[in-house]
Amino acid sequence: MRVFSIARRPVPLIFCAAILFDAAAAYVPSMGPGLGKDLASHTRPSRLATNASPRTRVASLATSLRASTPATLLEKDPQRGTGMFRGGGQAVVIECEEIRACPADGKAIVFFSGAGDLRVHDHAGLAAAASAGAVRGLFVFDTDLLRLSSDRSVRVLASAVEDLRSSLAALGVPLDVRVGDMEVEVRNAVQALGGTHVYAHHGPEDSAQRGMEKLEKAMTGSRVPMVQWNTGLRKTLRLRSDDYADYLKSREEAGATAVAEIQSEAALQQRLAKQGGEGAEGEGEISADAIVALLSRGRGEQLAAQMAARGKWRNIGATDEAGENLALTLWAEYLAGGEKKMAEARLVPDGALGLEHVALDSIMARYSPGEAFNRVFSELLALGCLSPRRVLATATTGGLPLDGGFLERRSSEGQAREAVEAREWHRVLGEVDLQGNPLRDDSRHLTFRYWRWRGHLLRYAEGDGAGQAVTLIHGFGASSHQWDRAFELLNDGHKVFALDLLGFGHSEKPQLTYTQYLWEDMVEDFILEVVGEPSFLAGNSIGGFTALSAAANLGNVFCPGLILCNSAGRMVPMDVYEQEMLERGGVTLKQKMLTTGLPQKASPSEALLTLFGKGVIKLLQPQVPKVLPWLYVQKPENADQKLEDNILRDSNDPGGFSVIASGAKLPPPRTKNELLADYVGPLLVTQGLNDPLGGGISKTRFYLYPEVHPNPEQVTLIPLQSGHCPHHETPEEVCAAIRDFVAGVNAGSQPKSTPEALALALSLKQ
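Residues numbered from 1 in each chain as written. Predicted model: local features only at pLDDT ≥ 70, side-chain atom pairs only at ≥ 80, totals over all residues. Heavy atoms only, no water.

A. Layout of the overall build of the protein chain. Of regular secondary structure, the protein chain possesses 30 helices and 19 strands. Within the protein chain, the fraction of its 766 residues that count as buried is 61%. For the protein chain, contacts bridging at least 24 residues in sequence account for 80% of all contacts bridging at least 6. A total of about 27,600 Å² of accessible surface is found on the protein chain, and carbon and sulfur atoms cover 53% of it. (Helix = DSSP H or I, 4+ residues; strand = E, 2+ residues; numbered from the N terminus. Buried < 20%, exposed > 50% of the residue type's maximum accessible area, 1.4 Å probe, protein only. Contact = heavy atoms within 4.5 Å. Areas by Shrake-Rupley, 256 points an atom, 1.4 Å probe, with all protein chains shown as cover.)

Structure follows, in structure tokens:
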């Protein structure tokens, strides 16, 4: 590989290409200097299973762990654990147990959670309950679990529950719908019916986990068994590491054939015929408006207003309705017309619904392969309106393995199969994480949890401290793991969160057109729906740009302060910015996007973009061990083995290449000049001035912040002698600055830049 030098350090050609990509002001450039930092894909034997240290290596996993298992039912015995994960040596085994039919004299309650189970077809709980003497469904709109859910998601959920009630009624099963506390409502329902068995689906998302805890409390002291199940795709897996390549090997060993659909609908039809063919209506009204109003009152005035304002926007493909009948209708459309016709019908950009629509309209809706399926069906699959096993059973033509070569071409049905297989991998990975991930050791002072966003599974870390919320956003190719030292240093006196953005870390990596606007919407929703209170935002590289973009939307109420650590994003002197505004007719880029839109932009074919994305990853694979220390200028030892392992593990996941492919077709994003003008809040800049990427751009950006910010006195500059990732290379200095900044802003006395920092900024400008 050819090499030349920037700042007297050897730089592989591919990283120089990334820097030039930044200067070209397409999209990946805005991800900027972070591109060369962590992005890599490398299939190799995991160190976790070979030469890992004793702390990291799994010597024995004898402890029983609860896990989501494919089509598995587990009868809960209060005297023992729910152990579906069984460790042996250096492997985690996921086993599947056969479902036990409810006795003929039993009274079954099928609890619907909304986390993967809102359907009649392929429903293990309904199939088991069909043999009982009495069957009743139950859904609870739990005001605690739903308090932070967006109004749109509540309406989508309500429409899916209403559709389910209608389908169940036609099959003779009443569905009772209640609003209140799940623990109380379930206990009352079991007592009222005299229930003998309760069937419940569970998943890795935190809302489902907390719901299961409430169900377990409701059953405490009763002799009624609770049977847990999940719609997995494989019966038995032996995982030796949490690397995707190992998962593929485990899947091959288990047999490529997925678990067959459970014929629950047929079982209920047979039951109905025996009972004389009469339908049954459940108790309780479903009024989405009433539920939204009730939840809004419990949020407080400021949060309710922010969520209502946020609800005016939509991402491409998001709708206000769901349900099994809709899902099956859309699936029939997809099978008949494929990706292209589905995109033409269901992914039509509408600039009135948000900036992402405008950006995608400017590229003439040139979507990634599989994007129509991912956007249209992600929420329907997450709610359980469509079973992934139905997709695999009916999408029978075309498609290559998920780990196919550069130039593979898949049919639409192949894309659908690929998408549900990728979702299954992340479900399994999520279940391992929820048990503290015995295959890794990264979690001092934090707990990993999962959150559903637009139907996709996203991981986040939550600290065990209390106090002012601080949310941390990683850079391109990195993950929440890169903030692990910050959790230790900020834990005392702060409630710390860190999110794995969609496409990175342990979060799903669906094949989508990734945009600045997708990620900023995600972070904004995370603050409102997970953190649920005002939070300082901190970000590195593209994470800094994303944090700034989200802060501009949230405003000072929900983002009282912003911290940028070598943030990506274009920032220019004010005279240049003002000239650009004049050329746009005196309006900002956002104003132009929402009024007249953007000029249409030709882009390469999707086949070439896919080749480009995968090619960049392949070229970066072997360079990660060399590049990480190069980026950590002051303390290269902090670019340790754990960081390398995390980056390589994450980049092995399916679909990550589409993040890079997106960058070659999107229009320029908003500048930091514009975003800071919208935010107008306290800003802390902890800048590694020796960042080797960008040819000295780190120093240019450092001195520009006071000039660009509308209120220079609200800018605190902290110059550091570190490289591109100061939060991980010199975490003590960065976190000390964050602590002082948070305390000062909350006390009304933001720390000022030192005279030395201001003098340095002035000298850099000159």
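B. Representation of the sheet that holds strand S12 (residues 446-453). As summarised here, the arrangement of the 8 strands in space is S12-S13-S15-S14-S16-S17-S18-S19, forming an open sheet in which the pairing is mixed. The sheet is open, and its two edges are formed by S12 and strand S19 (715-720), each paired on a single side. The mean angle between the axes of side-by-side strands here comes to 20 degrees, regardless of whether they run parallel or antiparallel. Where strand S13 (residues 456-463) meets strand S15 (residues 494-499), 3 bridges bridge the pair, whose relative direction is antiparallel. Each bridged residue has a counterpart across the sheet, and for Ala-461 the counterpart in S15 is Ala-498. (Pairing = 2+ DSSP bridges. Axes fitted to C-alpha atoms, helices over the stretch in contact; angles between N-to-C directions.)

C. Spotlight on helix H19 (residues 542-558). Helix length check: H19 (17 residues) gives 21 Å between terminal C-alpha atoms against 24 Å at 1.5 Å per residue, more than 12% under. By the largest-angle criterion, Ala-552 marks the main kink of H19, which is about 70 degrees. (Expected span 1.5 Å × (residues − 1). Bend = angle between axes of the 7 residues up to and from the residue.)

D. Main features of the pairing of S13. Where burial is concerned, most of S13 is hidden: 8 out of the 8 residues are buried. For S12 and S13, the ladder comprises 8 bridges, and the chain directions are antiparallel. Residue pairing across strands places Tyr-450 opposite Arg-459, the latter belonging to S13. In this antiparallel pair of consecutive strands, S12 and S13, the connection spans 2 residues, and Arg-454 shows a positive phi of 55 degrees.

E. Layout of the packing of helix H5 (residues 151-170) against helix H10 (residues 288-297). Two numbers describe how H5 lies on H10: the axes approach to 9 Å, and their chain directions differ by 145 degrees. When you trace H5 past H10, the crossing you get is right-handed. Facing Asp-151, Val-154, Arg-155 and Ala-158 of H5, the residues of H10 in contact are Ala-288, Asp-289, Ile-291, Val-292 and Leu-295. A per-class count over the contact of H5 with H10 returns 6 nonpolar, no polar and 3 charged. (Left-handed = near helix turned anticlockwise from the far one by under 90°. Nonpolar A, V, L, I, M, F, W, Y, C, P; charged D, E, K, R; others polar.)

F. Broad picture of the state of the cysteines. Scanning the entire structure with this criterion turns up 0 disulfides. Just so you know, Cys-735 is unpaired, no disulfide at all, and the nearest cysteine sulfur is the one on Cys-565, 8.5 Å from it. (Disulfide = S-S within 2.5 Å.)

G. Region of the structure containing the nonpolar core. Residues Leu-118, Phe-141, Phe-373 and Phe-377 are the most contacted members of the largest nonpolar core, which totals 64 residues. Discounting chain neighbours no more than four positions away, the residues touching Phe-377 are Ala-327, Leu-330, Trp-331, Tyr-334, Met-342 and Leu-386. Membership of the second largest hydrophobic core comes to 61 residues, among which are Leu-502, Tyr-514, Met-571 and Ile-617. (Core = buried A, V, L, I, M, F, W, Y, C linked by side-chain atoms within 4.5 Å.)

H. Highlighting the environment of Glu-462. Residue placement: Glu-462 occurs in strand S13. Its relative accessible area of 14% is what places Glu-462 among the buried residues. Linking Glu-462 and Leu-446, residues 16 residues apart in sequence, is a C-alpha distance of 5.3 Å. Setting aside anything within four residues of it in sequence, one finds Glu-462 in contact with His-445, Leu-446, Thr-447, Arg-449, Phe-487, Lys-495, Val-496 and Phe-497.

I. Up close: the pairing of strand S18 (residues 683-688). Within S18, 6 of the 6 residues are buried, which leaves it mostly tucked inside the rest of the structure. Alternating positions in S18 separate into two faces, Leu-683, Val-685 and Gln-687 on one and Leu-684, Thr-686 and Gly-688 on the other, with burial throughout. For strand S17 (residues 562-567) and S18, the ladder comprises 3 bridges, and the chain directions are parallel. Bridge assignment links Leu-564 to a residue of S18, and that residue is Val-685.

J. Fine view of the pattern of salt bridges. Applying the stated criterion to the full structure yields 42 salt bridges. Where Asp-289 meets Arg-155, a salt bridge forms, and the shortest distance between an N and an O atom there is 2.5 Å. Within this pair, whereas Asp-289 is found in helix H10, its partner Arg-155 is found in helix H5, the two being separated by 134 residues in sequence. Ionic pairing is found between Lys-665 and Glu-606, a salt bridge with its closest N-O pair at 3.0 Å. Taken as a pair, Lys-665 in the loop between helix H25 (657-663) and helix H26 (672-679) and Glu-606 in helix H22 (residues 606-620) lie far apart in primary sequence, 59 residues in all. Taking the relative accessible area as the measure of exposure, Lys-665 reaches 0% and is therefore buried. (Salt bridge = Lys/Arg side-chain N within 4 Å of Asp/Glu carboxyl O.)

K. Representation of the packing of helix H14 (residues 371-383) against helix H16 (residues 412-434) in the model. Taken N-terminus to C-terminus, the directions of H14 and H16 make an angle of 45 degrees; their axes are 11 Å apart at the nearest point. In terms of axis orientation, H14 runs oblique to H16. Crossing of H14 against H16: the hand is right-handed. Contacts between H14 and H16 pair Phe-373, Asn-374, Ser-378, Leu-381 and Ala-382 from the former with Ala-416, Ala-419, Val-420 and Arg-423 from the latter. Residue composition of the contact of H14 with H16, grouped by class: 6 nonpolar, 2 polar and 1 charged. (Parallel < 35°, antiparallel > 145°, perpendicular 65-115°, else oblique.)

L. Focus on the side chain of Ser-479. Along the chain, Ser-479 turns up in the loop between strand S14 (468-473) and helix H17 (484-490). The buried category is assigned to Ser-479, whose relative accessible area is 4%. The contacts of Ser-479, once residues within four sequence positions are left out, are Arg-459, His-474, Asp-500, Gly-505 and Asp-650.

M. The packing of aromatic side chains, seen in detail. Counted under the stated rule, the structure contains 17 aromatic pairs. Here the aromatic rings of Tyr-334 and Phe-373 are separated by 5.6 Å at their centres, their planes lie at 65 degrees, and the arrangement is edge-to-face. Separated by 39 residues along the polypeptide, Tyr-334 in helix H12 (residues 324-346) and Phe-373 in helix H14 bring together distant segments of the chain. By relative accessible area, which is 1% here, Tyr-334 ends up buried. Assessed through its relative accessible area of 1%, Phe-373 is described here as buried. (Phe/Tyr/Trp six-rings, centres within 6.5 Å; stacked < 30°, edge-to-face > 60°.)

N. Quick peek at helix H27 (residues 697-708). Across its 12 residues, H27 extends 15 Å between first and last C-alpha, which sits within 8% of the 16 Å expected from 1.5 Å per residue. What H27 keeps buried is the set Ser-698, Arg-701, Phe-702, Tyr-703, Leu-704, Tyr-705, Pro-706 and Val-708.

O. Layout of the environment of Val-659. Relative to the elements of secondary structure, Val-659 occurs in helix H25. Judged by relative accessible area, which is 1%, Val-659 ranks as buried. In the structure, Val-659 is positioned 148 residues away from Gln-511 in sequence and 8.0 Å away in space, judged by C-alpha atoms.

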